[in-house]
Amino acid sequence: MAGSSFVYVTYIRSPREKVWEALTKPEYQKIYWFGGYQESTWKAGAEWKMFMPEHGLTDSGEILESDPPNRIVIKWRNEFRPNLKEEGYARCVMELAQEADLTKLTITHTIDKENSQFIQAVSGGWPRILSSLQSYLETGRAHGDTRAPAEAKK
Amino acid sequence: MNSFVYVTYIQATPQKVWDAITKPDVTRQFWMHTNDSDWKAGSDWRHTRLDGDTVDVQGKVLESDPPKRLIISWFAPHKAANPELHSRVQFDISEHKPGIARLEVSHTDLQPDVLNGVSIGWPQVLSNMKSLLETGKAASMW
């Protein structure tokens, strides 16, 4: 298959609606996403923007599909690292499935470019973000900033 | 050859993560199996169902450096005589920051049919390990 992709699956002991809320509401995002948050109405066709405290706008795009609390598809481009921005738009699919008392959350991030630096960057980020999300929803305690110092500065 | 890599961060010490992989009393709570070995390089290891009899996976301990690194070979018992069908699992555990361990599981040399299974299995097992270590409770659905 042409292009690059990253897939991550995690199982969270929390109802799907709670996971959806944590993924889409800034007050929750700030807790587990290193202080960052996203702005969108989360309706198909809506703008989507991500902000980090140390950078301002970091990523932007559009909601391509939205089916709460099951599925979101985001057209996603990095805005603050020129080498990533020039790779253009990626596609991020978030799928939530209830399995007994667990939510199976699958993130599939793809771009139509071989050896994508953008996909390499998100491959490091998603495990940190989603581990922190799982901790927050299960214990009330997120991980704080787990980025390496150099990454936080970039 | 195929590979599968999964990284997770756990609010625990590296020793607790090591114990979760290697100590039957912990492993049985989130993996529905025990991993049985003395975890010394060259020893055998077995992935045994909770009935205590049925071995689903086995292999050798290739490298052991508690609590930082464990490398094992991994194959179903009926593939024991076919080394070309054996896969390899490497666990790397580090303290990512105080109170948070980083665990990377790298499963390599995978035949396509085994890749499918472990791609489903590792996220279930490792999410459940994280739940157990952080909350004291794991799901029992697998």
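Further up the page is the structure itself.
Residues numbered from 1 in each chain as written. Chains lettered and ligands numbered in written order. Predicted model: local features only at pLDDT ≥ 70, side-chain atom pairs only at ≥ 80, totals over all residues.

1. Some details on the overall build of chain B
Then, number 1: The number of helices and strands found in chain B is three helices and seven strands.
Then, number 2: Starting at the N terminus, the α and β elements of chain B follow one another as β-α-α-β-β-β-β-β-β-α.
Then, number 3: Put simply, chain B has 142 residues, and 37% of those count as buried.
Then, number 4: Nonlocal contacts in chain B, meaning residues at least 24 apart in sequence, comprise 40% of its contacts between residues at least 6 apart. (Helix = DSSP H or I, 4+ residues; strand = E, 2+ residues; numbered from the N terminus. Buried ≥ 20, exposed ≤ 12 C-beta atoms within 10 Å, placed from the backbone. Contact = placed C-beta atoms within 7 Å.)

2. Brief notes about the packing of helix α4 (residues 117-139) of chain A against helix α3 (residues 112-135) of chain B
Then, number 1: Where α4 of chain A contacts α3 of chain B, the two axes come as close as 11 Å, and the packing angle between them is 45°. The orientation of α4 of chain A with respect to α3 of chain B, classified from their angle, is oblique. Like other packed secondary-structure pairs, α4 of chain A and α3 of chain B cross with a definite hand, here right-handed. Residue-level contacts link Ser131, Gln134, Ser135, Glu138 and Thr139 of chain A of α4 of chain A to Ser127, Lys130, Ser131, Glu134 and Thr135 of chain B of α3 of chain B.
Then, number 2: Residues of the contact of α4 of chain A with α3 of chain B, tallied by class, amount to no nonpolar, seven polar and three charged. (Axes fitted to C-alpha atoms, helices over the stretch in contact; angles between N-to-C directions. Parallel < 35°, antiparallel > 145°, perpendicular 65-115°, else oblique. Left-handed = near helix turned anticlockwise from the far one by under 90°. Nonpolar A, V, L, I, M, F, W, Y, C, P; charged D, E, K, R; others polar.)

3. Considerations on the sheet that holds strand β2 (residues 33-36) of chain B
Neighbouring strands of a sheet are bound in pairs by backbone hydrogen bonds; such pairs are parallel or else antiparallel.
All names here are of chain B.
Then, number 1: The strand order across the open sheet formed by seven strands is β1-β7-β6-β5-β4-β3-β2, and the pairing between neighbours is antiparallel. The open sheet is flanked by β1 (2-10) and β2, the only strands paired with a single partner. The mean angle between the axes of side-by-side strands here comes to 20°, regardless of whether they run parallel or antiparallel.
Then, number 2: For β1 and strand β7 (residues 100-110), the ladder comprises eight bridges, and the chain directions are antiparallel. Directly across from Val5, in β7, lies its bridge partner Ser106.
Then, number 3: In the packing of α3 onto the sheet, the strands contacted are β1, β6 (87-97) and β7, and the crossing angle to β1 comes to about 5°. (Pairing = 2+ DSSP bridges.)

4. Describing the interface of chain A and chain B
How big an interface is tends to be expressed through the accessible area that disappears when the partners come together.
Then, number 1: With 18 residues of chain A at the contact, the number on the chain B side is 17 residues.
Then, number 2: Only β1 (4-12) and α4 of chain A provide two or more residues apiece to the side of chain A that touches chain B.

5. A look at α3 of chain B
Then, number 1: Here α3 of chain B is 24 residues long and its end C-alpha atoms lie 35 Å apart, about the 34 Å a rise of 1.5 Å per residue gives.
Then, number 2: The positive-phi residue at the C-terminal boundary of α3 of chain B is Gly136 of chain B, with phi of around 85°. (Expected span 1.5 Å × (residues − 1).)

6. Re the environment of Asp145 of chain A
Residue and element names in this part refer to chain A.
Then, number 1: The topology assignment puts Asp145 in the loop between α4 and α5 (149-153).
Then, number 2: We classify Asp145 as partly exposed; it has 16 C-beta atoms within 10 Å.
Then, number 3: Separated by 113 residues in the primary sequence, Asp145 and Tyr32 have C-alpha atoms spaced 8.1 Å apart.

7. Side note on the pairing of strand β3 (residues 44-49) of chain B
Residues and elements named next belong to chain B.
Then, number 1: Relative to β3, β2 is paired through four bridges, and the arrangement is antiparallel. Counted as the bridge partner of Asp36 is Arg46 from β3.
Then, number 2: Between β3 and the antiparallel strand that follows it, strand β4 (residues 55-65), lie five residues; Gly52 among them carries a positive phi value of about 85°.

8. A short note on the nonpolar core
Then, number 1: Of all hydrophobic cores here, the largest spans 33 residues; its most connected members are Ile10, Val17, Ala101 and Met129 of chain B.
Then, number 2: Listed by contribution, the elements that provide at least two residues to this core are β1, α1 (14-22), α2 (24-31), β5 (69-74), β6, β7 and α3 of chain B.
Then, number 3: Among the elements that line this core, the one with the most residues is α3 of chain B, at seven residues.
Then, number 4: When sequence neighbours within four positions are dropped, the list of residues in contact with Ala101 of chain B reads Ile10, Ala12, Thr13, Pro14, Val17, Ile93, Ser94, Glu95 and His96 of chain B.
Then, number 5: Formed by 31 residues, the second largest nonpolar core is a distinct cluster that contains Val19, Trp33, Trp76 and Leu133 of chain A. (Core = buried A, V, L, I, M, F, W, Y, C linked by C-beta atoms within 7 Å.)

9. Re the packing of α2 of chain B against α3 of chain B
Residues and elements named next belong to chain B.
Then, number 1: Relative orientation of the contacting elements α2 and α3 amounts to 120°, with a least axis distance of 8 Å. Pair α2 / α3 crosses with right-handed handedness. Of the residues in α3, those in contact with Gln29, Phe30 and Trp31 of α2 are Val125, Asn128, Met129 and Leu132.

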